[in-house]
Amino acid sequence: MRETGLPLPLSSLSSAATLLVAKISEAAFPNKIATPINFPVLKQLTLECVSISRDVLDTLLSGCHCLESLSISVDRAVGNLRVISPTLRQGDQRVLSSLTPSLPTLSLATPVVAHGSPISLRTPSAPAVSKMKSLLGEERSFIIESDDDEEDPTHNDAGAGDDGSSSDSSSCATPRAGGGDGSHPNSYTNQWPQSYRQSIDILSSVQSPSLSFLGTPTLSRISNSFLNSSFRGKTPEVISNLVKPLLRPTTSDEQQQQQQQEDIRKSSQYLLPSKKPSLQQIPEDQKAPVIGHGPSPYQQCSYTQGVMNGINVLCGVGILSTPYAIKEGGWLGLVILGVFAVLAWYTGVLLRRCLDSTDGLQTYPDIGHAAFGTTGRIAISIILYVELYACCIEYLILESDNLSKLFPNVHISIGSFTLNSHVFFAILTTLVVMPTTWLRDLTCLSYISAGGVVATVLLVICLFWVGVVDNVGFENKGSTLNVPGIPIAIGLYGYCYSGHGVFPNIYSSLKNRNQFPSIMFTCIAFSTILFTSAAVMGYKMFGESTESQFTLNLPQNLVVSKIAIWATVANPITKYALTITPLAMSLEELLPRSQQKYSNVILLRSALVISTLAVALLVPFFALVMALIGSLFAMLVTYILPCACFLAILKAKATWHQVVACSFIIVVGVTCACVGTYSSVSGIIQNYI
């Protein structure tokens, strides 16, 4: 035991690789800890009658990667304290009591996950704290507040909206449709879907966690996310090696990254407590976010990383149907592609404005929450997930079409029942991709799928090679305008710019966020050049015989044709698991805790994969399915919703020309969505009549 207030030597906070239990009593922590703290296996920590600041407590807890038991008794809190840990969770009952007549104690004695609403505990200066009990069925984070705190200017903004007049109201107000004014900056990200940020980051290659199979008996240890357990028990050095963006930062960026990571630690990722003198449970619709998936693994992306990740999202299978889109709409239909490109850039900038409007917004569902409340968040999440599900269906159709072109005579006969090559390869592809969906973390697939940019460029080169070197030629003229086919062309061109569900994540990962408009412009401009090149060359080569995928028109006897087809086949196989995982993780969040078992997760993901196969076999029309996705979901995600959210959040600050532009885009988007969806569905129905 130390004399009360005796300064704690910094040497006592040095790294200890084998320390399991620690107790610090009657000591005054320094105001700032510059050196990293690392207790990789510490499971029990007791702070008894200590004087400690919020930042020091944050630093201390961030260095404890396996903490299972925490007890804090505060002698003096410099500023408001908070307890946020990725590994703590309480049992069915937790006791908050006082050690002395004037000092409260906070204890957590069971292993934990920090999801759920916070509990605020006030530390009064008068001896009036009695023993309190709280029955809690969900995970919690905790706030310790003090009446006689010194004012901390870094936290004044957080509580600016508090009037202090009510002791039974939370500072985490539900966002109103009118904007984020007055709402807690982080009242969004702790609601379903909590796994969206991590899962979409993997899809876009913003980060790449480690590769391993699901092996834990329950999912409660991974906080309804397949990302957390990879970091648990790892030192910061190991974590930094496991979690990498698509491109590694340069050496000159290291100091900036350290400063960014320090800013993130102090930013809205953590709970900003109010000064309200109450002990309460914040309502479900006002939950504030906590770090629920382990130590924050995000590395700040450079301009080049952002561009590569954005192009990787945009340059997908949509390029295969661009020649067919010209066939449907005529040469003048290319104007639609250019218009969509310009509008996609503008709506991407609008998403950035929405993200900047309120602290704590990081993803598209967060924007929906800020604009339209919980209903908006859920609606946008469902739209995004259904779009991803439809893309998985498209992958299976694509694999079936291209593999059956390579091996047209393959079939299986079982008695009088025969599987043709299309059905056989659809089933085979499903069997191949299904085990990849069982992966807990998808490093290898994320890195390989990042080669989608290379595969897309390779396809354009192969198409050019076939036309020029192999003398297929560019002789077809085609029609200038085909009005009946314009609706299908709208859907096909719209599909090419269906990456807006990921762009908020890319923006949130940038080191210099002011570069985002330029990154968006570069991504869309480069992708549009590729789309236009493939469309023009493909249609000039094949004319009115152009099929839904130009790879199906390539001469079978050419080596370059086989290269193009195999490149087309390989890319969706690596992207399938990355695309279906966000949907799977969101559904796993909804499972009761007792059902979050390894076997149930495998069954759920397998059922999702099989369902995509069933739909792909039922509707094996690549171009029509793509046009439906582009007309319905891409119009919503890329054009309509960004403008609607911008007007809902920032209408009071928007200029008149921004309001006019947003209104125009909404009208165009709704019109294209209605016309394109009707034509696509009609085309599908006609194939069965």
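Residues numbered from 1 in each chain as written. Predicted model: local features only at pLDDT ≥ 70, side-chain atom pairs only at ≥ 80, totals over all residues. Heavy atoms only, no water.

Trainee: When you look at the packing of helix α15 (residues 559-590) against helix α16 (residues 598-618) in this model, what are you seeing that I'm missing?
Mentor: Axis angle and axis distance: for two packed helices, these are the angle between their axes and the distance between the axes, and together they describe the pair. Relative orientation of the contacting elements α15 and α16 amounts to 125 degrees, with a least axis distance of 10 Å. On the basis of their axis angle, the class for α15 and α16 is oblique. Viewed along their axes, α15 and α16 form a crossing whose handedness is right-handed. In this structure, α15 uses Y576, I580, T581, L583, A584, M585, L587 and E588 to contact α16, whose residues at the interface are V601, L604, R605, L608, V609 and T612. Taken together, the residues that form the contact of α15 with α16 break down as ten nonpolar, two polar and two charged. (Axes fitted to C-alpha atoms, helices over the stretch in contact; angles between N-to-C directions. Helix = DSSP H or I, 4+ residues; strand = E, 2+ residues; numbered from the N terminus. Parallel < 35°, antiparallel > 145°, perpendicular 65-115°, else oblique. Left-handed = near helix turned anticlockwise from the far one by under 90°. Contact = heavy atoms within 4.5 Å. Nonpolar A, V, L, I, M, F, W, Y, C, P; charged D, E, K, R; others polar.)

Trainee: Even after reading the chapter, I still don't get empty space enclosed by the protein, so can you show me in this structure?
Mentor: Take a probe with the size of a water molecule and roll it over the atoms, and the empty space left behind shows itself. Taken as a whole, this structure holds seven cavities of 30 Å³ or more when the rule is applied. Its boundaries defined by the atoms lining it, the largest cavity holds a volume of some 390 Å³. L203, V313, C391, Y395 and S498 are, among the 23 residues lining the largest cavity, the residues nearest its centre. Contributions of two or more residues to the lining of the largest cavity are made by α2 (196-204), α5 (303-314), α8 (364-406) and α15. When residues in the lining of the largest cavity are grouped by element, the largest group, five residues, is from α8. Taken together, the residues of the lining of the largest cavity break down into 13 nonpolar, eight polar and two charged. (1 Å grid on protein atoms, 1.4 Å probe; cavity = no way out; pocket = protein on both sides within 12 Å on 5 of 7 lines; lining within 4 Å. Points joined across faces, edges and corners; volume = space filled by probe spheres on them.)

Trainee: In this structure, what is going on with the packing of helix α7 (residues 334-357) against helix α18 (residues 656-686)? I would like to understand it.
Mentor: Remark: α7 packs on α18, axes separated minimally by 12 Å, with the N-to-C direction vectors making an angle of 125 degrees. With respect to α18, the element α7 is oriented oblique. The chirality of how α7 crosses α18 is left-handed. Where α7 approaches α18, its residues F340, L343, Y346, T347, L350 and R353 are matched on the opposing element by Q658, A661, C662, I665 and C672.

Trainee: Help me understand the packing of aromatic side chains, please; the structure alone is not making it clear to me.
Mentor: Each aromatic ring pair is described using two quantities: the centre-to-centre distance and the angle formed by the ring planes. Scanning the entire structure with this criterion turns up ten aromatic pairs. Aromatic side chains F424 and F425 sit 5.2 Å apart centroid to centroid with 70 degrees between the ring planes, which places their arrangement in the edge-to-face category. Among the aromatic residues, ring-to-ring pairing joins F407, F424, F425 and W566 into one connected group. Here R513 stacks its cationic end above the ring of Y507, 5.2 Å away from the centre of that ring. (Phe/Tyr/Trp six-rings, centres within 6.5 Å; stacked < 30°, edge-to-face > 60°. Lys NZ or Arg CZ within 6 Å of the ring centre and 35° of its normal.)

Trainee: Is there a simple way to think about the side chain of S606 in this case?
Mentor: For S606, the location among the structural elements is in helix α16. Not counting residues up to four positions away in its chain, the partners in contact with S606 are M434 and W438.

Trainee: Would you mind going over a nonpolar patch on the surface with me for this structure?
Mentor: Among the surface-exposed residues, L332, V335, V339, L481 and V483 lie close enough to one another that they form a single nonpolar patch of about 440 Å² accessible area. Its location among the elements puts V339 in helix α7. Overall, the relative accessible area of 40% leaves V339 in the partly exposed class. (Patch = residues over 30% accessible without salt bridge, like charges linked within 9 Å, V, L, I, M, F, W, Y side chains within 5 Å. Areas by Shrake-Rupley, 256 points an atom, 1.4 Å probe, with all protein chains shown as cover. Salt bridge = Lys/Arg side-chain N within 4 Å of Asp/Glu carboxyl O. Buried < 20%, exposed > 50% of the residue type's maximum accessible area, 1.4 Å probe, protein only.)

Trainee: Explain the side chain of T322 to me, please; I cannot follow it from the model alone.
Mentor: In this structure, T322 sits in helix α6 (residues 322-329). A residue is classified by how much of its surface remains accessible, and T322, at 1% relative accessible area, is buried. Within the structure, T322 has its side chain in polar contact with the backbone oxygen of I319 (distance 2.8 Å). Separated by 3.5 Å, the side chain of T322 and the backbone nitrogen of A535 make a polar contact. Residue contacts for T322: discarding those within four places in its chain leaves Y493, C496, F531, A534 and A535. (Polar contact = N/O pair within 3.5 Å; in protein donor to acceptor, adjacent residues only side chain to side chain.)

Trainee: I'm lost on the nonpolar core in this one. Help?
Mentor: One recurring pattern in soluble globular proteins: nonpolar side chains tend to sit buried together. Judged by nonpolar contacts, the single largest core of 127 residues is most densely connected at F340, Y493 and Y497. For this core, the leading source of residues is helix α17 (residues 622-650), giving 20 residues. With 21 residues, the next largest nonpolar core counts A27, L57, C64 and L70 among its residues. (Core = buried A, V, L, I, M, F, W, Y, C linked by side-chain atoms within 4.5 Å.)

Trainee: Is there a simple way to explain unusual backbone geometry in this structure?
Mentor: Excluding glycine, a negative phi dihedral is what most residues carry, and trans is how most peptide bonds are arranged. Of note in the backbone geometry, E26 takes a positive phi value of approximately 45 degrees without being a glycine. Note on placement: E26 falls in the loop between β2 (21-25) and β3 (27-28). E26 gets classed as partly exposed once you look at its relative accessible area, which sits at 21%. Notably, C49 is not glycine yet its phi reads approximately 55 degrees, a positive angle. Within the secondary structure, C49 is located in strand β4 (residues 44-53). A residue is classified by how much of its surface remains accessible, and C49, at 17% relative accessible area, is buried.

Trainee: Just to check I follow, could you spell out the confidence of the model for the protein chain for this structure?
Mentor: As a general rule, the predicted coordinates of low-pLDDT regions are not to be interpreted in detail. In the predicted model, the protein chain carries a mean pLDDT of 74, and 66% of its residues have values of at least 70. In the predicted structure, residues 89-186 sits below a pLDDT of 50 and forms 267 contacts with residues beyond four places in sequence or in another chain. Between residues 206-253, whose pLDDT stays under 50, and residues either more than four places distant or in other chains, the model counts 147 contacts. (pLDDT = per-residue confidence, 0-100.)

Trainee: Sorry if this is basic, but what is going on with the environment of G630 here?
Mentor: Among the structural elements, G630 can be located in helix α17. Sequence separation of G630 and I490 is 140 residues, and the distance between their C-alpha atoms is 7.6 Å. For G630, the contacting residues outside a window of four places in its chain are G491, G494, Y495 and M635.

Trainee: Is there a simple way to think about α18 in this case?
Mentor: Side chains that are three or four residues apart share a direction in an α-helix, a result of its 3.6 residues per turn. In this model α18 runs 45 Å from its N-terminal to its C-terminal C-alpha over 31 residues, within 8% of the 45 Å that 1.5 Å per residue would give. What α18 keeps buried is the set Q658, C662, I665, G669, C672, A673, G676, T677, S680, S682, G683 and I684. (Expected span 1.5 Å × (residues − 1).)

Trainee: Can you walk me through the pattern of salt bridges in this structure?
Mentor: Two side chains bearing opposite charge may form a pair once their charged atoms approach each other closely. By the definition in use, this model includes four salt bridges. Between K23 and E48 there is a salt bridge whose closest N-O contact spans 3.6 Å. You can see K23 sitting in strand β2 and its partner E48 sitting in strand β4, a full 25 residues away along the chain. A salt bridge links D366 to R377; the nearest nitrogen and oxygen atoms lie 2.6 Å apart. Per residue, the accessibility class of D366 equals that of R377, and both read buried.

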